[in-house]
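# Summary of structural features
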Amino acid sequence: MAKREISPTYKPAQLKRCAKSDWYIEYYATHPQQKELKRIKIRVNHIRKRFDSLRDFKEEINRHILIINSKLAGGWSPFFESDNSRYYTPLSKVIELYIAEKSRELRPATMRCYSSCCTMINEWANKTVPNIYCSLFNKVLAVKYLDHVYAKKKTSARTYNNQLKMGRALFSWAVEKCYCKENPFEHIKTKREEEKRRILIPPAYRERINAWCQENNPAFGIVMRLVFASLIRPKEICCLQVKHLYLDEHYIHVPSTIAKNHHDRFAAISPEVEDYFGSLKLSRYKPDAYLFGLNYTPGTKPIGEARFRKDWDKMRKALKLPKEMQLYSLRDTGINNLLKSGVDPLTVMQHADHHDLSMTTRYANHADPQLVDRIRKSGLKF
């Protein structure tokens, strides 16, 4: 029986000369991803210039060659700059570990976004470069992936930027955990996004919205008041529980665990909101019950933000409101009204849970349908 020939994993290094003054070390090593020998060439002309004698030069180079060959014989790969075994971890495994760790740190709603984006990267990589090591996923592949997201899937600039952001986060973690040396998404520029198409909702429109809710969906009207006056985001409202409501103190506690910016805050509530929850006799419910469970009644399962969007669209179409008037427009309007009514920006910033004043003051420049009328009625004359 013939012996099976075993392919070499490397070819030893040796000194070569291409021209009169072009000296280099040449060796072959198996590429860890492509599983075939690749030629490595290291020019050493700068070392030759340090020696007057050719014999002394060769003795010095032989010491370098001996080191290289010893490392090759020990299983070292020149395609990685260290002997870190984590560089040989497949991208799919790194993503699995990343998702497992982040799921212990992030809220479920946030985690769904992380998981979705990572799944898209993993699926694309498995089709394009199957079983690639995380350390070999370079900037070229990152650019190709984002081109796939933007051009082939015909997504918006905002979606492109979100994928770029998630890619940076994933590989930043991978660099920190020593699965790769560099972040391939780090120096890719974001695309310019279109401005959010939301406009403020004037009092006349809010009166119509309120009247419709009183007749068709009073509980949803309370959600709108929490967005408008208490400046609580719709996603945060979904997570509020009975224990977060303090009727006697006139506020709702929005804990850091559900707040977008992870800051504890106490949001003031209006008399209408107090009356509504007072009528529900919340003492009948467990403290962990969600204020807005399924069908808007307190329960063990939270109402979804998608339900809010569905009911808003139903109301908007019934009243024939512009598409630019969205549920989140109520929060924009509330912030704008507070600023223009004379409430100091710092108080508004804290109430709105913004990172800094620049974010808050941006709302003073929000597109305002009533701006022209107010200017005309101001009596300003030359």
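Below or above, wherever it landed, is the structure these notes cover.

Reading guide: rules and limits
- Residues numbered from 1 in each chain as written.
- Predicted model: local features only at pLDDT ≥ 70, side-chain atom pairs only at ≥ 80, totals over all residues.
- Heavy atoms only, no water.
- Core = buried A, V, L, I, M, F, W, Y, C linked by side-chain atoms within 4.5 Å.
- Buried < 20%, exposed > 50% of the residue type's maximum accessible area, 1.4 Å probe, protein only.
- Helix = DSSP H or I, 4+ residues; strand = E, 2+ residues; numbered from the N terminus.
- Contact = heavy atoms within 4.5 Å.
- Pairing = 2+ DSSP bridges.
- Axes fitted to C-alpha atoms, helices over the stretch in contact; angles between N-to-C directions.
- Phe/Tyr/Trp six-rings, centres within 6.5 Å; stacked < 30°, edge-to-face > 60°.
- Lys NZ or Arg CZ within 6 Å of the ring centre and 35° of its normal.
- Parallel < 35°, antiparallel > 145°, perpendicular 65-115°, else oblique.
- Nonpolar A, V, L, I, M, F, W, Y, C, P; charged D, E, K, R; others polar.

I209, F220, M224, F277, F292, F308 and W312 are the most contacted members of the largest nonpolar core, which totals 41 residues. Elements supplying a minimum of two residues to this core: helix 7 (203-216), helix 8 (218-228), helix 9 (234-239), strand 5 (251-254), helix 10 (271-279), helix 11 (305-319) and helix 12 (327-340). In contact with F292, not counting residues within four places along its chain, are A219, I222, V223, L226, I237, F277, T297, K301, P302 and I303. In terms of nonpolar packing, the next biggest core, distinct from the first, is built from 32 residues, Y114, C118, A125 and Y145 among them.

Now for the sheet that holds strand 3 (residues 37-43). In spatial order, the strands read 1-2-3; together these 3 strands make up an open sheet with antiparallel pairing. This sheet does not close on itself; its edge strands, each paired only once, are strand 1 (10-19) and strand 3. Pairs of neighbouring strands in the sheet enclose a mean axial angle of 25°, with direction left out of account. Pairing of strand 1 with strand 2 (residues 22-30) involves 7 bridges; the strand directions are antiparallel. By the bridge assignment, R17 is partnered in strand 2 with W23. Against the sheet, helix 2 (residues 54-73) touches strand 1, strand 2 and strand 3, its axis set at about 155° to strand 1.

Within the structure shown, the criterion is met by 18 aromatic pairs. Its guanidinium or amino end placed over the ring of Y28, K11 lies 5.2 Å from that ring's centre, counting from NZ or CZ.

Moving on, we come to the packing of helix 8 against helix 11. Running from N to C, helix 8 and helix 11 point in directions that differ by 105°, and their axes come no closer than 11 Å. Judged by the angle between their axes, helix 8 and helix 11 are roughly perpendicular. Along the contact surface, helix 8 presents F220, V223 and M224, while helix 11 presents F308, D311, W312 and M315. Its residues assigned to classes, the contact of helix 8 with helix 11 shows 6 nonpolar, no polar and 1 charged.

Shape descriptors only; they carry no functional weight alone.
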